[in-house]
Amino acid sequence: MSTELHWGFPVISYLFLAGLGAGALTVSASMFLSSGGTASAKSYFPEARYGALIAPVPVILGTFLLIFELGSFQVGDWFKWIKLFQVINLSPMSIGSWLLTIFIGISLVYAYAFWPRSRMTGDQLDKLRKTVAWIGIPMGIAVAVYTGVLLGAMPSRPFWNTPMLAILFLLSAMSSGVAVIMLVRALSRNGRAESEDTARSGYLLTKSDAMLIGFELLVVFLFIMFAHLTVGDVRHAVSIILFSDRSIELFGVNMAVTFWFWVIVVGLLIPVTIELFYIRSGRRHQKQFSVPRSVEIFVPIAVLVGGFMLRYVVVIAGQVTGSIGI
Amino acid sequence: MKTNVSSTRRDFLHKLGVSAAATAVAGTQPLTAHAAVRKRNIQYAMLIDTRRCTGCHACSVACKAEYDVPLGVNRSWVEYVEKGDYPNVTRNFLPRLCNHCDHPDCVSVCPTGATYKREEDGVVVIDEDVCIGCGYCIQACPYDMRFLNPVTGTAEKCDFCEHLVSKGIQPACVETCIGSARIFGDINDPTSEIAQMIATNPVSVLRPDKGTEPNVYYIAADHSGEHERQRNRYVRVTTHRKQKIRR
């Protein structure tokens, strides 16, 4: 690669992991609140619990990676990042680090509230769960959006400099959140038969993910179309993910294949097709929604791989492209 | 970005202000003396007459030596722009340094307030005690002028040799230029050489479409880039730095 990358694997992973955690919490809180916000038998309590317990892990891990990539940390000044919290200004990174800190706190409290496995309605945690869920949804959305705003705020990087990116990262984060809950749910089901409750929650998760991926495809289409139908910097920059030959010739990397295969086909088209197939067959034959366990494991993995590759393509493509001319 | 700066930075600014005032009172240095008498905003700027540049890299070397810049990174450099097909060919030189923009994108993204545009002379500086090395400004600069210093772990770039200029000495690259291609001074002072040269010559800045209002001006700069190859024109840009392709 003939371009210096200042943001590499740690930042790519962070953007993915922060989105994953934010998505898991938002989806968990939404499912929990939409089904009554209690631990009653009819609520999506188990799924909300998976999301709640998962959420802090990727976010904290991602934040560590982010600190690891700081120049000051790499030369041994391990706590210089604290300076981020001595100021608050309009830099997306400044706002983002405050948001992230608050979000980590919220996600830990939320996980604590869901720690006991038993569905105890009216217990002490009941009120805490509901309150934190209400705060968690806007905070999760804010963290997911900020990861896109962080990249989008710079006119010097035409590939990133679009509001579409924030929406794309938000949708991808929510989709990853649904996927990780689906995955953990499928893994922990471990051969137990489909009950009416699990069928209901499985149907909701699958349906939501299909809808989110549908919107993601729309946003990707708009992103590409508006970039390609313009002239100058943005068109030049976006050609890196559209055409292999131009990507190699102009930028020395082949981002087009990575984008079309890993992001679009593996991350979006394959999962949405499978999901739509099971949603549709369940509806048509009036039978209980049921998905084979292997599929229930494969689909979320594809979504998560796609989500990671989306961050990979965007972060690399944005850095190797720039303005044309001088 | 002027809110809640750390005490170190305030001290730093204070000291600078005191030293600048002291030299101004002494009246030995024309650049600072002017400002003190007229009480108007100084905006240091540079004009590079590329017709007088021979591409000798003396400026890059002087800059490296002045700041002990680590291997592999540069605060300033000279790009070679080759174009055309034999016999109609040309090679032009484009010296590059921080533009000290009026609207610097690097400043607006800095999360710690470590980089800022100085009110007293318009120079964009980095406080390395506050910089955490996140790399955001490096991404945000439309001119790719910033880099992460591998020794200090902080962002770095040209600062118009503010340590020399505050003592009335020209920046290292200006002092060393064998062709006198570089003119440095206060662009807001109509009697300065740079203001007069800019007023009487056709000048250009780099990437004006970015809206950053750069303060490094060029006479006869070749703005050609390698993207023109798509129009079947031969252009080759040699950056003479680690980053081989202009971003």
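Residues numbered from 1 in each chain as written. Chains lettered and ligands numbered in written order. Predicted model: local features only at pLDDT ≥ 70, side-chain atom pairs only at ≥ 80, totals over all residues. Heavy atoms only, no water.

1. Observations regarding the overall build of chain B
On a plain count of helices and strands, chain B comes out with eight helices and 11 strands. For chain B, the residues scored as buried account for 57% of the 247 residues in total. Intrachain contacts of chain B at a sequence separation of at least 6 include 60% that bridge at least 24 residues. Accessible area for chain B stands at about 10900 Å²; split by element, carbon and sulfur atoms hold 55% of it. (Helix = DSSP H or I, 4+ residues; strand = E, 2+ residues; numbered from the N terminus. Buried < 20%, exposed > 50% of the residue type's maximum accessible area, 1.4 Å probe, protein only. Contact = heavy atoms within 4.5 Å. Areas by Shrake-Rupley, 256 points an atom, 1.4 Å probe, with all protein chains shown as cover.)

2. Looking at the nonpolar core
Nonpolar side chains in soluble globular proteins tend to be buried together. The biggest cluster of nonpolar side chains holds 106 residues, and the ones touching the most others in it are Tyr110, Leu151, Phe159, Ile240 and Ile241 of chain A. The residues touching phenylalanine 159 of chain A, leaving out its near neighbours within four places in the chain, are Phe223, Ala237, Val238, Ile240, Ile241, Val314, Ala317, Gly318 and Thr321 of chain A. Core analysis: the second largest hydrophobic core is formed by 33 residues, Cys173, Cys177, Ala181 and Ala221 of chain B among them. (Core = buried A, V, L, I, M, F, W, Y, C linked by side-chain atoms within 4.5 Å.)

3. Focus on the interface of chain B and chain A
The figure often quoted for interface size is the accessible area lost as the parts come together. With 47 residues of chain B at the interface, the matching set in chain A holds 41 residues. Between chain B and chain A, roughly 3600 Å² of surface is buried when both sides are summed, and carbon and sulfur atoms account for 56% of that area. At the boundary of chain B and chain A, one finds one salt bridge. Note that aspartate 233 of chain A and lysine 210 of chain B form a salt bridge whose closest N and O atoms lie 3.2 Å from each other. Connecting chain B to chain A are 22 residue pairs in polar contact (both at pLDDT 80 or more). Listed by contribution, the elements that provide at least two residues to the side of chain B that touches chain A are β3 (88-96), α4 (105-109) and α5 (136-140) of chain B. (Buried area = accessible area lost by both parts, 1.4 Å probe. Salt bridge = Lys/Arg side-chain N within 4 Å of Asp/Glu carboxyl O. Polar contact = N/O pair within 3.5 Å; in protein donor to acceptor, adjacent residues only side chain to side chain.)

4. What about the pattern of salt bridges?
Residues and elements named next belong to chain B. In this structure the tally under the stated criterion is 20 salt bridges over all chains. A salt bridge links arginine 246 to glutamate 79, with the nearest nitrogen and oxygen atoms 2.7 Å apart. Here arginine 246 is found in the segment after β11 (235-238), whereas its partner glutamate 79 is found in strand β2 (residues 77-85), with 167 residues between them in sequence. Side by side, arginine 246 and glutamate 79 carry an identical accessibility label, which is buried. Put simply, Arg118, Glu120, Asp121 and Glu162 are held in one network by salt bridges that share partners.

5. A few points about the packing of helix α1 (residues 9-34) of chain A against helix α12 (residues 293-320) of chain A
All names here are of chain A. Interhelical geometry of α1 versus α12 gives an angle of 135 degrees and a closest axis separation of 9 Å. The angle between the axes of α1 and α12 places the two elements in the oblique class. Along this stretch, α1 crosses α12, giving a crossing that reads as right-handed. Contact with α1, carried on its side by Phe9, Ile12, Ser13, Leu15, Phe16, Gly19 and Leu20, involves Leu304, Gly307, Phe308, Arg311, Tyr312, Val315 and Ile316 of α12 and no other residues of that element. Split into classes, the residues belonging to the contact of α1 with α12 amount to 10 nonpolar, three polar and one charged. (Axes fitted to C-alpha atoms, helices over the stretch in contact; angles between N-to-C directions. Parallel < 35°, antiparallel > 145°, perpendicular 65-115°, else oblique. Left-handed = near helix turned anticlockwise from the far one by under 90°. Nonpolar A, V, L, I, M, F, W, Y, C, P; charged D, E, K, R; others polar.)

6. What about the pairing of β2 of chain B?
Pairing analysis gives nine bridges linking β2 of chain B to β3 of chain B, with the strands arranged antiparallel. The residue of β3 of chain B that forms the bridge with tyrosine 80 of chain B is phenylalanine 93 of chain B. (Pairing = 2+ DSSP bridges.)

7. Details of the sheet that holds β11 of chain B
Residue and element names in this part refer to chain B. Read across the sheet, three strands follow the order β3-β2-β11 without closing on themselves; strand pairing throughout is antiparallel. Looking at the sheet topology across the chains shown, the edges are occupied by β3 and β11. Averaged over all pairs of adjacent strands, the angle between strand axes in this sheet comes to 15 degrees, irrespective of strand direction.

8. Quick word on α12 of chain A
With 28 residues, α12 of chain A extends 41 Å from end C-alpha to end C-alpha; this agrees with the ideal 40 Å at 1.5 Å per step. Taken across its 28 residues, α12 of chain A has 20 buried, putting it largely inside the fold. (Expected span 1.5 Å × (residues − 1).)

9. Re the environment of threonine 206 of chain A
Residues and elements named next belong to chain A. Relative to the assigned elements, threonine 206 resides in helix α8 (residues 196-228). On the accessibility criterion, threonine 206 (6% relative accessible area) is buried. For the pair threonine 206 and isoleucine 241, spaced 35 residues apart in the sequence, the C-alpha separation amounts to 29 Å. Not counting residues up to four positions away in its chain, the partners in contact with threonine 206 are Met182, Glu275, Ile279 and Phe289.

10. Focus on the packing of helix α3 (residues 56-69) of chain A against helix α5 (residues 92-113) of chain A
All names here are of chain A. For the pair α3 and α5, the least separation of the axes is 9 Å and the interaxial angle reads 150 degrees. Viewed along their axes, α3 and α5 adopt a mutual orientation that is roughly antiparallel. For the pair α3 and α5, the crossing hand works out as left-handed. For the pair α3 and α5, the contacting residues are Pro56, Val59, Ile60 and Thr63 in the first and Leu100, Phe103, Ile104, Ser107, Leu108 and Ala111 in the second.

11. Side note on the sheet that holds strand β1 (residues 44-49) of chain B
If you walk across this open sheet you meet the four strands as β8-β1-β10-β9 (chain B), and the pairing is mixed. Strands at the two margins of the open sheet, each flanked by one partner only, are β8 (182-186) and β9 (203-204) of chain B.

12. Examining the environment of valine 124 of chain B
All names here are of chain B. Note on placement: valine 124 falls in strand β5 (residues 124-126). Along the chain, valine 124 and asparagine 41 lie 83 residues apart, while their C-alpha atoms are 14 Å from each other. Sequence-distant contacts of valine 124, defined by excluding residues within four places in its chain, comprise His100, Cys101, Pro104, Cys106, Val107, Thr115, Tyr116, Lys117, Arg146, Lys157, Cys158 and Asp159.

13. Details of the packing of aromatic side chains
Under the counting rule described, the total for this entry stands at 19 aromatic pairs over all chains. Ring geometry for phenylalanine 259 of chain A versus tryptophan 260 of chain A: centroids 5.0 Å apart, planes at 70 degrees, classification edge-to-face. Joined through ring pairs, the aromatic side chains of Phe32, Phe45, Tyr110 and Phe114 of chain A make up one cluster. Above the face of the tryptophan 77 of chain B ring, arginine 241 of chain B is positioned so that its terminal group lies 3.8 Å from the ring centre. (Phe/Tyr/Trp six-rings, centres within 6.5 Å; stacked < 30°, edge-to-face > 60°. Lys NZ or Arg CZ within 6 Å of the ring centre and 35° of its normal.)

14. Some remarks on a nonpolar patch on the surface
Residues and elements named next belong to chain A. On the surface, Val257, Phe261, Trp262, Ile301 and Val305 cluster together into a nonpolar patch covering about 410 Å² of accessible area. Elements that contribute at least two residues to the nonpolar patch include exactly α11 (255-284) and α12. No other element matches the three residues that α11 contributes to the nonpolar patch. Structurally, the position occupied by tryptophan 262 is in helix α11. (Patch = residues over 30% accessible without salt bridge, like charges linked within 9 Å, V, L, I, M, F, W, Y side chains within 5 Å.)

15. A look at the environment of proline 163 of chain A
When you line up the elements, proline 163 of chain A lands in the loop between α6 (124-152) and α7 (164-189). In this structure, the C-alpha to C-alpha distance between proline 163 of chain A and glycine 152 of chain A, residues 11 residues apart in sequence, is 6.5 Å.

16. Focus: the confidence of the model for chain B
Residue and element names in this part refer to chain B. On average, chain B scores 88 in pLDDT, and the residues at 70 or more come to 84%. Here residues 1-7 is modelled with pLDDT under 50, and outside its nearest four sequence neighbours on either side it reaches 15 contacts, counting other chains as well. Scored below 50 in pLDDT, residues 20-29 shows seven contacts in the model against residues more than four places distant or in partner chains. (pLDDT = per-residue confidence, 0-100.)

17. A word on unusual backbone geometry
Residues and elements named next belong to chain B. Omega for the bond connecting tyrosine 86 with proline 87 falls within 30 degrees of zero, at 5 degrees, which places this linkage in the cis form. When you line up the elements, proline 87 lands in the loop between β2 and β3. Phi is positive for cysteine 161, close to 50 degrees, though the residue is something other than glycine. Note on placement: cysteine 161 falls in the loop between β7 (155-156) and α6 (162-165). You can call cysteine 161 buried: its relative accessible area is 7%.

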